[in-house]
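Understanding the architecture of this molecule
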Amino acid sequence: MFSPKLWQLLTAGTITLIGTGGGLSLTGLLLKATLNNPLLSAQSVDKKSAVTTQNASLNTTQQTISKEFQGQTIYQAKLPITDKVIALTFDDGPGPKNTTQILEILKQNHIKATFFLVGQMVSFHPQIVKQIAAEGHVLGNHTWHHWYRRMDVATAASEINRTADLIYKLTGVKTTLFRPPGGFLHNGLVDYAKSQKYAIIMWSDESGDSQRRGQTPTLIKNVVKSAKPGGIVLMHDGGGNRSRTVKALPQVIADLKAKGYKFVTIPELMEMETKAKDVVTAESSVVTKDGHSSH
Ligand SMILES: [Zn+2]
């Protein structure tokens, strides 16, 4: 209902939102949540206030990833073909409607997933983020604005740190997982994230749910045909209307279960790789210069 307006606001930026807030026709709840959020007018977060975080202190989910994966770029876990586990990941949320629908489907199926959150959306929907954490899912960082453009270090730092600080303030979770918007590895964000020891979590199995033409049966087929042990599935719970994803998800889960898959979070998936003692990180962006230096 308010998606177009919300995206307009997102594009305009938060400061504009505050400045024009009185004249907007957003629901009172959203506006209240937004205006009450102290982070919207501050670049830095008061760390002391984070200590008072309530909800997520009850959350016992493993949110961290082991040291061997810090600063690495990961497309999937390398597991024996008999380890039929797969990780569902959801990007660009929280969305006002679709995220809670997805949480309900996950709950019904006793599945924990990993959510890569956009900081600005977190500021709009803090309660949904608390719900994601309280229900045992893993939180990842997907920057504040979801920009694709090249960024200097200060901007990249702001995009990542501001998001991490807000997630921590709301949930008590210090996320160690980063996914670059659009999967762009060379615009400055990933360099900064690696310097901060994030694991860069890419994907091996793309649902195509962010493409306009992808219909529900296609999304299901895309995920199921690319499924493999150790795979990471990319879907979206925010960034627009994701009702097709919501429709596809129960069948995606059913089909993968029928193929023998179990569902794990990203930290669980990587822990399995560690246990398999066969660590391979897909640092595919590294190119050796040797081959090009002789002519
Ligand atoms: Zn994204």
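Here, the structure is the one placed above.
In this report, the structure presented in the accompanying data block is examined. Please read all numbers here as calculations on a predicted model, not as lab measurements.

Calculation rules
- Residues numbered from 1 in each chain as written.
- Predicted model: local features only at pLDDT ≥ 70, side-chain atom pairs only at ≥ 80, totals over all residues.
- Heavy atoms only, no water.
- Helix = DSSP H or I, 4+ residues; strand = E, 2+ residues; numbered from the N terminus.
- Contact = heavy atoms within 4.5 Å.
- Areas by Shrake-Rupley, 256 points an atom, 1.4 Å probe, with all protein chains shown as cover.
- Buried < 20%, exposed > 50% of the residue type's maximum accessible area, 1.4 Å probe, protein only.
- Salt bridge = Lys/Arg side-chain N within 4 Å of Asp/Glu carboxyl O.

1. Comments concerning the overall build of the chain
- For the chain, the helix and strand inventory stands at 12 helices and nine strands.
- Within the chain, contacts between residues separated by at least 24 positions form 80% of all contacts whose residues are at least 6 apart in sequence.
- Surface summary for the chain: the accessible area is close to 14100 Å², and the carbon and sulfur share equals 54%.

2. Side note on helix α10 (residues 216-226)
- Inspection of α10 places Thr-216, Leu-219, Ile-220, Asn-222, Val-223 and Val-224 among the buried residues, and these make up the whole buried set.
- Residues of α10 that are buried in the fold lie against β7 (205-206), β8 (231-236) and α11 (243-258).

3. Focus on the pattern of salt bridges
- Applying the stated rule across the entire model yields three salt bridges.
- For Asp-91, the salt bridge goes to Arg-179, with nearest N and O atoms at 2.7 Å. Residue Asp-91 is located in strand β2 (residues 85-91), and its partner Arg-179 is located in the loop between β5 (177-178) and α9 (189-195); the two are separated by 88 residues in the primary sequence.
- With a relative accessible area of 3%, Asp-91 lands in the buried category.
- With a shortest N-O distance of 3.5 Å, Glu-271 and Lys-275 are connected by a salt bridge. Residue Glu-271 and its partner Lys-275 are both found in helix α12 (residues 266-275); the two are separated by four residues, about one turn of the helix.
- With a relative accessible area of 33%, Glu-271 lands in the partly exposed category.

Function cannot be read off these values alone, since they describe shape.
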